[in-house]
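Coordinates in review
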Amino acid sequence: MYHNHVQRGEVRGPARRAAGPGLRALRGQLGSAPPKGVRALDDEALAQLADAIHGARRRQAAALETAGKEALDHIPALLRGAVRRMLR
Amino acid sequence: MPAGLRTRSEIVKLGRLLGTASAELVFLEDVEAEELALLREQVANRLFEADRDALLRVAAASRLLPGALAAAIGQRYFGALLCARIAGLLDVSRAVELAGRLPADFLADVAVELDPRRASAVIAGIPATQIRDVAIELLARKEYVVMGRFIGYLADETIAQVLEQLGDEELLRVAFVLEDKRALDGVVRLLSDRQRHAIIRTAAEFDLWPETLELLSHLGPASRRELIQLTGALDAAVLDRLVAVAQDQGLWDALLPLVREMDSDARRRFVALPSVRRVAVLDALVAASAEHGLWPELLPLVALLPAAARRRVAASASRLERPLLERIVCNGWEPDLWPALVDLAVEMDEDGQRVVGELIARGPDRVVRGTIASVTAGQRWPEMLAIARYLPARELGRLAQRVRVSDLDAVAPQVVAAAVQTGEWEAALGLFSGLKAPQRRRLARVAGELDADLRALLLEQARALGVFEQLGEVGAVLEAG
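What counts, and at which threshold
- Residues numbered from 1 in each chain as written.
- Chains lettered and ligands numbered in written order.
- Predicted model: local features only at pLDDT ≥ 70, side-chain atom pairs only at ≥ 80, totals over all residues.
- Heavy atoms only, no water.
- Helix = DSSP H or I, 4+ residues; strand = E, 2+ residues; numbered from the N terminus.
- Buried < 20%, exposed > 50% of the residue type's maximum accessible area, 1.4 Å probe, protein only.
- Contact = heavy atoms within 4.5 Å.
- Areas by Shrake-Rupley, 256 points an atom, 1.4 Å probe, with all protein chains shown as cover.
- Axes fitted to C-alpha atoms, helices over the stretch in contact; angles between N-to-C directions.
- Parallel < 35°, antiparallel > 145°, perpendicular 65-115°, else oblique.
- Nonpolar A, V, L, I, M, F, W, Y, C, P; charged D, E, K, R; others polar.
- Core = buried A, V, L, I, M, F, W, Y, C linked by side-chain atoms within 4.5 Å.
- Salt bridge = Lys/Arg side-chain N within 4 Å of Asp/Glu carboxyl O.
- Buried area = accessible area lost by both parts, 1.4 Å probe.
- Polar contact = N/O pair within 3.5 Å; in protein donor to acceptor, adjacent residues only side chain to side chain.

1. What to know about the overall build of chain A
If you tally the helices and strands in chain A, you get 4 helices and 0 strands. The order of helices and strands in chain A, counted from the N terminus, is α-α-α-α. Taking all 88 residues of chain A together, 31% fall into the buried category. Residue pairs in contact within chain A that sit at least 24 positions apart in sequence constitute 29% of those at least 6 positions apart. Here chain A has roughly 5,800 Å² of accessible surface; of this, 53% comes from carbon and sulfur atoms.

So, in structure tokens, the structure goes:
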């Protein structure tokens, strides 16, 4: 029987699995726990998912910063100061 | 609906949101579609919230600029992704104005990145003709997923304009990934007759059966029935292909309910397909019915199968675990299904028959009475006795005692006739000897109305099997000759 092989303190199944680095990273990226079915994936997959989200966030932040700077150069001088102040 | 298909569709959407090829997310294939939809929502929220303050500042600053300049800067420097994030943060009228200044190809780029939930008012405010132009652009790029996300946010008039642009294949592909499946029925109702016919023709021509089954499963009864009848009228070779796809991709849980809704001629044609009679297909039908509780769908089809195929279904059902068999019996109480269930049970092996017999005998009153009523109405007592012969006396008694007294007028003569026909006297007399006093009194009256020859035979068998004493007043009537 399965339970005969379970030693004291040993994890019995996915429900009691301790959070691995992948799950911790994913939780951090999402800001909340991922859905149950996703948590059941192996830790490597969870880490891969966390990386993908991190990459998407990084690309978005970088694009926003670059766009703000480039746009300012093309705003008429008269409005540029006001726009710059609003963007700070 | 087919879980695998929904999951794959969700992976495509998530990949798009993350800017990742869906092939790189293949490890998500075993996750339920509903869970992936939740994950996608979490990711979308996170991406939006991560830069919300900066996005709000850009939206506020854009108000300082004339519309033409703001639109030009948005397109040139911020690009589609950031414009999509900002769209929902602008005043609706301003966002609609800016959209009106942007070319369709750029708006299509924005649509790819936009979370329609966050900009639903803006989408609703954009004129139908402009949406149509963006749709044309998206279709040219085969962006069906994007189209599928937006349809649910459009007014009927706008949807009608978009639908006019969709080719038959495109229509199916968009329907497959439609985010708000509740909108699907409305979409189909907006289609012309020609387009509705074309859906089914296209499914056959381009082998888009998984997409079509997904679509059908979300339609309202009227639209679904119409498309199912069109499907049922297809050539046998095309239907064989549908069967092959259902078999290869495990789609019987989607297809079986639709076959049940076909008219009787179409159902008969479907069951007559050579592909349906393949052993692997029959086994898969049983497995899918067991797994998804689809016996009400399967049983009427089994009744139409030729004997050899029916025996295979019965053999396959015999191998099911008892709880699954139990589910068949509990589902089978729908009156029109009992005859088919009894026919199937008769073809099962001895163990299977015993289990089905026990489940009926031990079932709730509605199961027992439902069985007896439909077995009697369908004149299937010969088959029923074949199952009952495996039941011990106690179980037979349990079964017999729940026959309504008033039903004995119809039941008893059929049981006797079935015993004469099959020689299953032990089962028949086991039922009679298990009756309680009021039932026995009624049986005595019925026995008195039987032909003298039948009464003599009944008496002879009761004595031979040693149950004469248990028949009480019935025995006295039989002895009176």
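On we go.
2. Let's talk about unusual backbone geometry
Residue and element names in this part refer to chain B. Phi at Asp207 takes a positive value of approximately 60 degrees, unusual for a residue other than glycine. Mapping Asp207 onto the fold places it in the loop between α13 (193-206) and α14 (209-217). Even without glycine at this site, Gln379 takes up a positive phi of about 50 degrees. As for its position among the elements, Gln379 is in the loop between α25 (365-377) and α26 (381-388). For Gln379, a relative accessible area of 59% puts it in the exposed group.

3. Brief notes about the packing of helix α11 (residues 168-176) of chain B against α13(B)
Residues and elements named next belong to chain B. Here α11 crosses α13 at 85 degrees, and the two axes come no closer than 8 Å. In terms of orientation, α11 and α13 fall into the roughly perpendicular class. Residues Asp168, Glu169, Leu171 and Leu172 of α11 form the contact with α13, whose participating residues are Arg194, Ala198, Ile199, Arg201, Thr202, Ala203 and Phe206. Of the residues contributing to the contact of α11 with α13, the split by class is 6 nonpolar, 1 polar and 4 charged.

4. Brief notes about the nonpolar core
Ranked by internal contacts, the top residues of the largest apolar core, which has 175 residues, are B:Phe78, B:Leu215, B:Trp252, B:Phe270, B:Trp381, B:Leu385 and B:Phe432. At 11 residues, the largest contribution of residues to this core is made by helix α4 (residues 67-87) of chain B. In contact with B:Leu215, other than residues within four places in its own chain, are B:Leu172, B:Ala175, B:Leu184, B:Val188, B:Ile199 and B:Leu227. Core analysis: the second largest hydrophobic core is formed by 25 residues, A:Leu26, A:Ala45, A:Ala50 and B:Leu39 among them.

5. Comments concerning the pattern of salt bridges
All names here are of chain B. Evaluation of the coordinates by the stated rule reveals 35 salt bridges over all chains. Of the charged contacts in the structure, one is a salt bridge between Asp283 and Arg312, with a shortest N-O distance of 2.6 Å. Residue Asp283 is located in helix α19 (residues 279-292), and its partner Arg312 is located in helix α21 (residues 307-318); the two are separated by 29 residues in the primary sequence. Measuring nitrogen to oxygen at the nearest pair gives 3.5 Å for the salt bridge that ties Arg310 to Glu347. You can see Arg310 sitting in helix α21 and its partner Glu347 sitting in helix α23 (residues 338-347), a full 37 residues away along the chain. One salt-bridge network, in which partners are shared between bridges, spans Glu41, Asp115, Arg117 and Arg118.

6. Overview of the environment of B:Asp133
Residues and elements named next belong to chain B. Position of Asp133 among the secondary structure elements: in helix α8 (residues 128-140). A residue is classified by how much of its surface remains accessible, and Asp133, at 33% relative accessible area, is partly exposed. Separated by 67 residues in the primary sequence, Asp133 and Ile200 have C-alpha atoms spaced 27 Å apart.

7. Regarding the interface of chain A and chain B
Opposite the 37 residues of chain A that make contact, chain B presents 34 residues. Summed over both partners, the interface of chain A with chain B buries about 3,000 Å², with 72% contributed by carbon and sulfur atoms. Across the contact surface, chain A and chain B share 0 salt bridges. In this structure, the connection of chain A to chain B is made through 11 residue pairs in polar contact (both at pLDDT 80 or more). Every element with two or more residues in the side of chain A that touches chain B is listed here: α1 (21-30), α2 (36-39), α3 (43-73) and α4 (77-87) of chain A. When grouped by side-chain class, the residues that make up the side of chain A that touches chain B number 23 nonpolar, 9 polar and 5 charged.

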